[in-house]
Amino acid sequence: MPLIRKEGKDTIIFASKEDHEAPSKVALPEPEPSPGLLLANGEINWNCPCLGGMATGPCGLEFREAFSCFHYSAAEPKGSDCYDAFKTMQKCMSEYPAVYESKGASIDDMDDLEEDEELEEENGQPASGEDKRTVVASSQSTTFDRKIEGTVSASSATKHEVERAKTN
């Protein structure tokens, strides 16, 4: 029989080897199923790990508004009435690049997309997906060309300095 002693808020149990040889008589309750993204009443579970903490980050409010808008949207196609909410969320996320960094995309790409949106507003016509890809690709190409030109001019300057040093 184990010796049980209470010290303040703590309970200390001293068990012998014989106490551990007998099978346990403790019955554990069945684990509750994880609720997932949607709760039983149909509401969004903002604590779901599947959201990756997006609902609680610096742009949590904007994320919850955009996600709720999409989830409860009755428009066709679904979520088409949520453009402003997602645009607000994207703007907030661009203010925190360290937290919401896009995998494989750079801040320059987001700037290009903002330029596209400005052009769309000026022209009154949305740019097609192909146009956007072309703009992003051309801006990446321009950035790459600038890097190459900088490397070439730096290496040319070095060669020039070497030639000058040889003649002196």
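By the naming in an unreviewed UniProt entry, the protein is Mitochondrial intermembrane space import and assembly protein 40-B, taken from Ooceraea biroi. According to its UniProt record, the protein has this under Subcellular location (unreviewed entry): "Mitochondrion".

Enquirer: Describe in detail the side chain of Asn-45, supporting the description with residues and values.
Expert: For Asn-45, the position within the fold is in the loop between helix 1 (17-21) and helix 2 (60-72). Among residues more than four places away in sequence, those in contact with Asn-45 are Pro-35, Gly-36, Leu-37, Leu-39 and Leu-51.

Enquirer: So what about the pattern of salt bridges? Which residues, and what values?
Expert: All told, the structure shown has two salt bridges when counted by the stated rule. As a salt-bridge pair, Arg-5 and Glu-7 come within 3.2 Å of each other at their nearest N and O atoms. The exposure class assigned to Glu-7 is partly exposed, which follows from its relative accessible area of 41%. When the shortest N-O distance is used, the salt bridge between Lys-9 and Asp-10 registers 3.4 Å.

Enquirer: Give a detailed account of helix 3 (residues 83-94), specifying residues and quantitative values.
Expert: The first and last C-alpha atoms of helix 3 sit 16 Å apart over twelve residues, in line with the 16 Å expected at 1.5 Å per residue. Listed in full, the buried residues belonging to helix 3 are Met-89, Cys-92 and Met-93. Burial along helix 3 is one-sided: seen end-on, the buried residues are contained in an arc of 100 degrees. Turned more than 90 degrees away from the buried face of helix 3 sit Asp-84 and Lys-91, all of them exposed.

Enquirer: Now, about the state of the cysteines: what can you tell me, with residues and values included?
Expert: Counting across every chain of the model gives three disulfides. One disulfide in the model links Cys-48 with Cys-50; its S-S distance is 2.4 Å. Across the S-S bond linking Cys-48 and Cys-50, the dihedral sits near 130 degrees, which makes this disulfide right-handed. Classification of Cys-50 as exposed rests on a relative accessible area of 52%. One disulfide bridge connects Cys-59 with Cys-92, the sulfur atoms lying 1.9 Å from each other.

Enquirer: Account for the UniProt feature "domain: CHCH" (unreviewed entry) in the protein, with residues named and values stated.
Expert: Annotation from UniProt places "domain: CHCH" (unreviewed entry) at residues 59-94. When the span residues 59-94 is considered, its composition is 69% helix and 0% strand, and the gap between its end C-alpha atoms is 10 Å.

Enquirer: Provide a residue-level description of helix 2, including the pertinent values.
Expert: In a regular helix each residue adds 1.5 Å, so 13 residues correspond to 18 Å; helix 2 covers 18 Å between its end C-alpha atoms and thus fits that length. Buried within helix 2 are the following residues: Gly-60, Phe-63 and Ala-66. What you see down the axis of helix 2 is that its buried residues fit within an arc of 135 degrees, all on one side.

Enquirer: So, the nonpolar core: which residues are in play, and what are the values?
Expert: Counting nine residues, the largest nonpolar core is built from Leu-51, Ala-55, Cys-59, Phe-63, Ala-66, Met-89, Cys-92, Met-93 and Tyr-100. Elements supplying a minimum of two residues to this core: helix 2 and helix 3. Looking at this core element by element, the count peaks at three residues for helix 3. Setting aside its immediate chain neighbours within four residues, Cys-92 contacts Pro-58, Cys-59 and Glu-62.

Thresholds applied
- Residues numbered from 1 in each chain as written.
- Predicted model: local features only at pLDDT ≥ 70, side-chain atom pairs only at ≥ 80, totals over all residues.
- Heavy atoms only, no water.
- UniProt positions renumbered as here; feature names shortened; annotations may be inferred.
- Helix = DSSP H or I, 4+ residues; strand = E, 2+ residues; numbered from the N terminus.
- Contact = heavy atoms within 4.5 Å.
- Salt bridge = Lys/Arg side-chain N within 4 Å of Asp/Glu carboxyl O.
- Buried < 20%, exposed > 50% of the residue type's maximum accessible area, 1.4 Å probe, protein only.
- Expected span 1.5 Å × (residues − 1).
- Arc of directions from axis to C-beta.
- Disulfide = S-S within 2.5 Å.
- Core = buried A, V, L, I, M, F, W, Y, C linked by side-chain atoms within 4.5 Å.

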